[in-house]
Amino acid sequence: MMNRHVFRTGWKKGTMLALTLTFGLAVAGCGTATPTKDGAPANGSAGQAEAASTDQKLVVYSAGPDGLAKKLIAGYEAQSGVKVELFQGTTGKILARMEAEKTNPVADVVVLASLPSVQGLKKEGLTLPYPDAKNADKLNPDWSDKEGNYFSTSASALGIAYNTKLVKTPPTSWADLAKPEYKDQVNIPDPSLSGSALDFMTGYLSAKGDGGWTLFEQYKANGVAMAGANQEALDPVITGAKGIVVAAVDYMTYKAKAKGEPIDIVYPTEGTVISPRPAAILKSTQHEQNAKAFIDYLLSDDAQKLVADASLLPGRTDIKADKRANLDEIPLLKTNWEWMGEHGSDVTEKFTQMFK
Amino acid sequence: MGGLSVKHIRAWCLTLALIALLFLIVMPLLQIFIQSVYVDEEFQWDAPFRTLAASPFAGVLFSSIWLGICVIAGTTVLALPLAWIMSNTRLAHWRWLDVVLLIPFMTPPYIGSMGWILFMQKNGYLEQLFPDLYFLTPSFFSLGGMVMIMSLHLFPFLYLLLRGALVRIGGSLEEAGAVMGGGFLYRFRRIILPLLLSAYGMGALLIFVKTIAEFGTPATFGRRIGYEVMTSEIHKYISSWPIDFSKATSMASVLLTACLLMWYAQSVINRKFTYRLVGGKGSRPSRLRISGWTTGLSVAFILLLLIASIGIPYFSILSASTMKLRGMGLAWDNLTLDSYKELLSWGSESMEALLNSVFLSLGASTLAVVLGTWFALVIGGSRTRIQRTVDAFSLLPNTVPGIVMVVGLILWWNSPWMPIPLYNTYGMVILTYVILFVPYTVQYVKSVFTQVDAGLFQAGQVFGGRLSYIFRRIVLPLIVPGMLAGWMMTFTIASRELVGSLLILPPSVQTSATYIFAQFEQGQVSLGMAMAVISVGMTTLLLILMESLNSRRKWK
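In the annotation of an unreviewed UniProt entry, the entry for chain A reads ABC transporter substrate-binding protein, and the organism field reads Paenibacillus polymyxa.

Okay, structure coming up:
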């Protein structure tokens, strides 16, 4: 169809001009795409124009639960007048986004659902210490950083959730689930997707030593199935496809139970693991004062009350929750967070291989 | 003729297209390759190879490819008879079916799989309705079940391509065959099949690529049966601590290579088997293929297909969206419309998410059609090397898992030296959708355009038509159906796009897909399912509206 020679010369002649033109076009093209931002539904998004004068902005990346994160943001906005942009996702999603934004970070504060990840951020020097945070002395010292790199403002405990229609006599210890009466009935969250499930595994192993693996081997032999992240493991139990979740996050169970679903939770007698939910300021923050004020707010009485109302364990030891078991009512294993942080990826790999 | 010759304009367009593609697609992907050879900020050229050697990689790759092949088979079994029915029998007048048949494709894959799981699992809806059928459960939770779910999701895509091709083949060629004494099977084998092959090759390739790049079904159903594929492995490295982009990108590079090989094979087939079908003469459907009893059989086939692809999953989705307590199962006193009331209240978060989705996908699909048509016209018959390069580049987004492409886009648009401040704006979301879905328009327009005989343009020139006139009066009317199909596809998928949206949406902004995902994560399954019903319902209404406007204009 096309004469090659003519095409070539035409191509050469036009190249320079074409290059110039294209870059013009690319810029113009994007220029036309940008106004869509302003033309899009007016939800008060990113008002850069008015935020120019004083620092009235804060970007928070927060792991669920959804309702709580929004209430906390609303509370802080009302108190400070700062406009918060919230990105919500699982701990994994947040970390992935931070990694992709590494060269040009956007977030000021992160709230994660996993202590080892935030310890990792600290080790890489990504966190900004804030030792003067108000009320930090009232926080549970085991869950937060002494130098103020991160503050666990809430926590969940891990237990055994079960469908009350299917399981009449609930198990009382982790070992019970290896019994024949629970064969093929049990889900366990995937530690590569659920930070809290991993906390349980590493916590259990750090308390029991290598002998702890026997429990998981027995689980495997008894048909325990590895099933996605926390909610994915819990859903089949609510609908009755399975009977039990081991290493279930307690606040999710409390929430479903409060709705009236046929579900309940027990904490095994030999003790369980707590999974703290740390908040940290990133060193790259453009809004340091607001970020610090936000941490102060998370540690305030008001915010801690919101945490307790969401069926989570408050991070401060002096605040009690009335919709759930408090810390002193939950038997605990003697866990070692140092060991847990170091061995997370090995345990994940060994466990997921075993349960494949 | 104007100042510039046709050839000059062609060369210009080609160069411009190439540069645009380099800037929009190739550079972001290059960022991924660069990432894969940097481990801990150190250059290690062999890092990808070590990753592949260390991981259970071969097995996962094989699983992906095997799944892709099975799904091609599955979609063919569903789409080929359907395309034949819809181009040759009286049922072809049921234009509404075209829209209805898009519903499975509009349903987000993870929602469709959830629907099937809820229906088939132990104590699921099937068992609650027909307790005697409980024995089906174990056989459903297998690779076969996964292939079925994915085929039922993807077949509309192949169907649209095949039907388009069958309509263009028209009746005369086949009648010629019949006059010469060829029986039905002979005619099918020697006339229809070869003519169909290029469209089928294109469709099968895209099905394959879509399957091995799909994340939703492996993440919901595959995880349940322990069937791991490349995307789930990549997703693991990209979303759990410690994040390892270099491992993920190494795997993505292999996936990309596999897809490019497939693409090459397809383009060879395509070049060998493309025929000029749309000449000056009009065409009409073949009368030979219509007979009485086929109509009955066709109706039965379509009915079964609708039950499997829409009936069952939507029964589950609707049931789940109207349940007070999920633990109580199917019961009249467990029925409530509260989720819908909550979703549709004006000014609510969900309403905002819904509107965001609509506007973003409208913008994206329109832009994608313009860009895609331009690329497709420039590619033409893929004769020169540059044309083939443009072809390959424009297909790239469809050959990498969405999540990888999106990470590349973030790396590219959020780099410190990028002068265009697009990152974290709605513009970025639109651009991402455009880039992810532009291959659809390219494919649709290309498949129409390559079958148009050059004689038509030459005729236009002979009669003194200017370039713009030829384009407006000859090319455009011929490719409009392809553009429309591309627009519809892009709008449909963009409005349910999940993986990219999860990563690229500016903070505080949600779309219907991310809203649904968040509800599942939070345990609000009924809210999520209700949102799925509403957003798919809205897309369907929009398509029906378009279809009715379209049939009023009636081009032939």
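Trainee: Describe the overall build of chain B, and please don't skip the residues or the numbers.
Mentor: A count of helical and extended segments in chain B gives 25 helices and two strands. Here the C-alpha radius of gyration of chain B, 24 Å, is about what a compact globule of 556 residues would show, namely 24 Å. The buried share among the 556 residues of chain B stands at 62%. Sequence-distant contacts, at least 24 apart, represent 80% of the contacts inside chain B between residues at least 6 apart. Summing over all exposed atoms, chain B offers an accessible surface of approximately 22,400 Å²; the carbon and sulfur share of this is 69%.

Trainee: A description of the overall build of chain A should follow, citing residues and the corresponding values.
Mentor: A count of helices and strands for chain A gives twelve helices and ten strands. Residues classed as buried in chain A amount to 56% of the 356 residues present. Considering only contacts in chain A between residues 6 or more positions apart, those separated by 24 or more positions represent 76%. When the accessible surface of chain A is split by element, carbon and sulfur atoms take 55% of a total near 14,900 Å².

Trainee: I'd love a proper account of the environment of A:Asn149, names of residues and values included.
Mentor: Residue and element names in this part refer to chain A. Mapped onto the elements, Asn149 comes out in the loop between α5 (115–123) and β4 (151–163). Of the residues examined, Asn149 reaches a relative accessible area of 5% and is grouped as buried. Residues Asn149 and Thr352 lie 203 residues apart in sequence; the distance between their C-alpha atoms is 31 Å. Setting aside its immediate chain neighbours within four residues, Asn149 contacts Lys122, Thr127, Leu128, Pro129, Ala279, Ala280 and Ile281.

Trainee: Could you give me a rundown of unusual backbone geometry, with the residues and numbers involved?
Mentor: At A:Ser311, a position not held by glycine, the phi torsion is positive, near 65°. Structurally, A:Ser311 can be placed in the loop between α11 (301–309) and β10 (313–314). Classification of A:Ser311 by relative accessible area gives buried; the value is 9%. In this structure, B:Asn123 is a non-glycine residue whose phi angle is positive, near 60°. Position of B:Asn123 among the secondary structure elements: in the loop between α6 (109–120) and α7 (125–129).

Trainee: Could you give me a rundown of helix α17 (residues 349–379) of chain B, with the residues and numbers involved?
Mentor: Helix length check: α17(B), at 31 residues, gives a terminal C-alpha distance of 43 Å against a target of 45 Å (1.5 Å per residue), a fit within 8%. Directly after α17(B), the chain includes B:Gly380, whose backbone phi takes a positive value near 55°.

Trainee: Tell me about helix α20 (residues 426–449) of chain B, and name the residues and values.
Mentor: All names here are of chain B. Its 24 residues place the ends of α20 33 Å apart at the C-alpha level, agreeing with the 34 Å of an ideal helix rising 1.5 Å per residue. Burial within α20 is extensive, with 24 of its 24 residues counted as buried. Structurally, the start of α20 carries an N-cap: the backbone nitrogen of Gly427 is 3.2 Å from a side-chain oxygen of Thr425.

Trainee: Break down the packing of helix α21 (residues 454–462) of chain B against helix α22 (residues 467–494) of chain B for me, citing the residues and quoting the values.
Mentor: A pair of packed helices is characterised by two quantities: the angle between their axes and the separation of those axes. Residues and elements named next belong to chain B. Contact pair α21 / α22: the axes reach a minimum separation of 10 Å and the direction vectors enclose 160°. With respect to α22, the axis of α21 lies roughly antiparallel. Two packed elements cross with a definite hand, and for α21 against α22 that hand is right-handed. Where α21 abuts α22, its residues Leu456, Phe457, Gly460 and Gln461 lie against Ile470, Ile474, Val475 and Leu478. Classifying every residue of the contact of α21 with α22 by side-chain character gives six nonpolar, two polar and no charged.

Trainee: An account of the nonpolar core is requested, with residue identities and associated values reported.
Mentor: For soluble globular proteins, nonpolar side chains are generally found buried alongside one another. Grouped together as the largest cluster of nonpolar side chains are 277 residues, with contacts concentrated most on A:Phe216, A:Tyr219 and B:Trp413. Residues contacting A:Phe216, with those up to four places away along its chain left out, are A:Phe200, A:Met201, A:Tyr204, A:Leu205, A:Phe351, A:Met354 and A:Phe355. Counting residues in each nonpolar core, the second largest holds ten residues, with A:Trp143, A:Tyr254, A:Ile265 and A:Ile330 among its members.

Trainee: Provide a residue-level description of the pairing of strand β2 (residues 83–88) of chain A, including the pertinent values.
Mentor: Residues and elements named next belong to chain A. Pairing geometry for strand β1 (residues 57–62) and β2, over six bridges, is parallel. Opposite Tyr61, over in β2, you have Phe87 as the bridge partner. Handedness of the β-α-β unit built from β1, helix α3 (residues 66–80) and β2 comes out right-handed.

Trainee: Now, about the confidence of the model for chain A: what can you tell me, with residues and values included?
Mentor: Averaged over every residue, the pLDDT of chain A is 83; the share at 70 or more is 85%. Confidence drops under a pLDDT of 50 for residues 1–53 of chain A, and excluding neighbours within four residues, the segment shows 45 contacts in the predicted structure.

Trainee: Any details on empty space enclosed by the protein? Residues and values, ideally.
Mentor: In this approach a probe as big as a water molecule rolls over the atoms, and the regions it shows empty are the leftover space. Within the structure shown, the criterion is met by nine cavities of 30 Å³ or more. Volume-wise, the largest cavity comes out at about 470 Å³. For the largest cavity, the lining is made up of 28 residues, of which B:Lys210, B:Ala213, B:Glu214, B:Glu497 and B:Val499 are closest to its centre. Listed by contribution, the elements that provide at least two residues to the lining of the largest cavity are α6, α9 (143–169), α11 (184–213), α13 (230–239), α18 (385–399), α19 (402–413) and α20 of chain B. Split by residue class, the lining of the largest cavity holds 18 nonpolar, six polar and four charged. Here the second largest cavity defines a volume of roughly 160 Å³. Taken together, 18 residues form the lining of the second largest cavity, with A:Ser62, A:Leu68, A:Ala69, A:Leu72 and A:Val111 sitting closest to its centre.

Trainee: I'd like a description of the packing of α17(B) against α22(B), backed by residues and values.
Mentor: Residues and elements named next belong to chain B. Running from N to C, α17 and α22 cross one another at 140°; their axes reach a closest spacing of 8 Å. Classified by the interaxial angle, the pair formed by α17 and α22 is oblique. Crossing geometry of α17 relative to α22 is assigned as right-handed. Together, Val358, Ser361, Leu362, Ala364, Ser365, Thr366, Ala368, Val369, Thr373 and Leu377 of α17 and Phe471, Val475, Ile479, Met483, Gly486, Trp487, Thr490, Phe491 and Ala494 of α22 make up the contact between the two elements.

Trainee: Please set out the packing of aromatic side chains residue by residue, giving values where relevant.
Mentor: Describing an aromatic ring pair means giving the distance of the ring centres and the angle of the ring planes. Inspection of the entire model under this criterion finds 29 aromatic pairs over all chains. Ring centres of B:Phe105 and B:Phe157 lie 5.8 Å apart, and the angle between their planes is 15°; this geometry places the pair in the stacked category. Residue B:Phe105 is located in helix α5 (residues 103–106), and its partner B:Phe157 is located in helix α9; the two are separated by 52 residues in the primary sequence. By the burial criterion, B:Phe105 is buried, and B:Phe157 matches it. Ring plane angle 35° and centroid distance 6.4 Å describe the contact between B:Tyr433 and B:Phe437, whose orientation is recorded as tilted. Residue B:Tyr433 and its partner B:Phe437 are located together in helix α20, separated by four residues, close to a single helical turn. The same class applies to B:Tyr433 and to B:Phe437, which are both buried. The rings of A:Trp174, A:Phe200, A:Tyr204, A:Trp213, A:Phe216, A:Tyr219, A:Phe351 and A:Phe355 are connected pair by pair, giving a single aromatic cluster. Above the plane of the ring of A:Trp213 lies A:Lys350, whose end atom (NZ or CZ) is 4.3 Å from the centre.

Trainee: Give a detailed account of the environment of A:Trp339, specifying residues and quantitative values.
Mentor: Residues and elements named next belong to chain A. Along the chain, Trp339 turns up in helix α12 (residues 337–355). In this structure Trp339 comes out as partly exposed when scored by relative accessible area, which is 26%. For Trp339, the residues in contact, after removing those within four places along its chain, are Thr202, Leu205 and Ser206.

Trainee: Which residues make up the confidence of the model for chain B, and what are the values?
Mentor: Chain-level statistics for chain B give a pLDDT mean of 82 and a share of 91% at 70 or above. Taken over the whole predicted complex, pTM reads 0.78, whereas the ipTM for its chain interfaces reads 0.72.

Trainee: So what's going on with the pattern of salt bridges? Which residues, and what values?
Mentor: For the coordinates displayed, the defined rule picks out 16 salt bridges over all chains. Across the pair A:Lys70 and B:Glu349 runs a salt bridge whose closest N-O atoms are separated by 2.8 Å. Taken together, the residues span two chains, with A:Lys70 in helix α3 and B:Glu349 in helix α17. By relative accessible area, B:Glu349 is classed as partly exposed at 34%. Between A:Arg316 and A:Asp318 there is a salt bridge, with its nearest N and O atoms 2.9 Å apart. Counted as one network, the salt bridges with shared partners bring together A:Lys122, A:Asp145 and A:Glu147.

Trainee: Please give an account of the side chain of A:Glu101 that cites residues and values.
Mentor: Among the structural elements, A:Glu101 can be located in the loop between α4 (91–100) and β3 (109–111). If we skip the residues at most four places from it in the chain, A:Glu101 touches A:Tyr61, A:Val106, B:Ile410, B:Asn414 and B:Tyr423.

Basis of the calculations
- Along each chain, the written sequence defines residue order, and numbers are assigned to residues from 1.
- Here every chain gets a letter starting at A, and every ligand a number starting at 1, in the order they are written.
- For this predicted model, a pLDDT threshold of at least 70 governs which residues receive local features, and a threshold of 80 or more governs which side-chain atom pairs are given and counted, while totals over whole chains, interfaces and linings are taken from all residues.
- With hydrogens and water set aside, each side-chain value is computed from the structure's full complement of heavy atoms.
- The helix count covers DSSP runs of H or I at least four residues long, the strand count covers runs of E at least two residues long, and both are numbered beginning at the N terminus.
- We take the radius of gyration over the C-alpha atoms and set the globule estimate at 2.2 Å times the residue count to the 0.38 power.
- Relative accessibility under 20% of the residue-type maximum defines a buried residue, over 50% an exposed one, and the middle range a partly exposed one, all with a 1.4 Å probe and only protein chains included.
- Contact definition: two residues touch when any of their heavy atoms are within 4.5 Å.
- All accessibility values rest on the Shrake-Rupley procedure with a 1.4 Å probe; residue burial counts only the protein chains present in the view.
- Each helix should span, by expectation, one fewer than its residue count multiplied by 1.5 Å.
- Whenever a nitrogen or oxygen atom comes within 3.5 Å of another N or O atom, the pair is scored as a polar contact, on the condition that within protein one atom can donate a hydrogen and the other can accept it, and that pairs from neighbouring residues in sequence are kept only if both atoms are in side chains.
- Axis lines are fitted to C-alpha atoms, over the contacting stretch for helices. Their N-to-C directions set the angle, which ranges from 0 to 180 degrees.
- Working definition: roughly parallel below 35 degrees, roughly antiparallel above 145 degrees, roughly perpendicular at 65 to 115 degrees, and oblique for all remaining angles.
- Note on convention: the crossing is left-handed when the near helix lies turned anticlockwise from the far helix by less than a right angle, right-handed when the turn is clockwise.
- The nonpolar class holds Ala, Val, Leu, Ile, Met, Phe, Trp, Tyr, Cys and Pro. Asp, Glu, Lys and Arg form the charged class, and all remaining residues, Gly among them, are polar.
- The set of buried Ala, Val, Leu, Ile, Met, Phe, Trp, Tyr and Cys residues whose side-chain atoms join them within 4.5 Å is what this entry labels a nonpolar core.
- Only strands joined by at least two bridges in the DSSP assignment are considered to pair.
- With the strands aimed away from the viewer, a crossover counts as right-handed if its path from the first strand over the helix to the second runs clockwise.
- pLDDT gives the predictor's per-residue confidence on a scale running from 0 to 100.
- Only protein atoms enter the 1 Å grid used here, on which a cavity is any set of points holding a 1.4 Å probe that cannot leave and a pocket is any open set flanked by protein within 12 Å on both sides along at least five of seven lines; residues with an atom within 4 Å of a point are listed as lining.
- Grid points are joined across faces, edges and corners, and a volume is the space filled by probe spheres set on the points.
- What counts as a ring pair is set by centres within 6.5 Å for rings of Phe, Tyr and Trp (its six-membered ring), and what kind of pair is set by the plane angle: stacked under 30 degrees, edge-to-face over 60, tilted for all other angles.
- Should the NZ of a Lys or the CZ of an Arg lie within 6 Å of a ring centre and within 35 degrees of the ring normal, that charge is described as sitting over the ring.
- We define a salt bridge as a side-chain nitrogen of Lys or Arg found within 4 Å of a carboxyl oxygen belonging to Asp or Glu.

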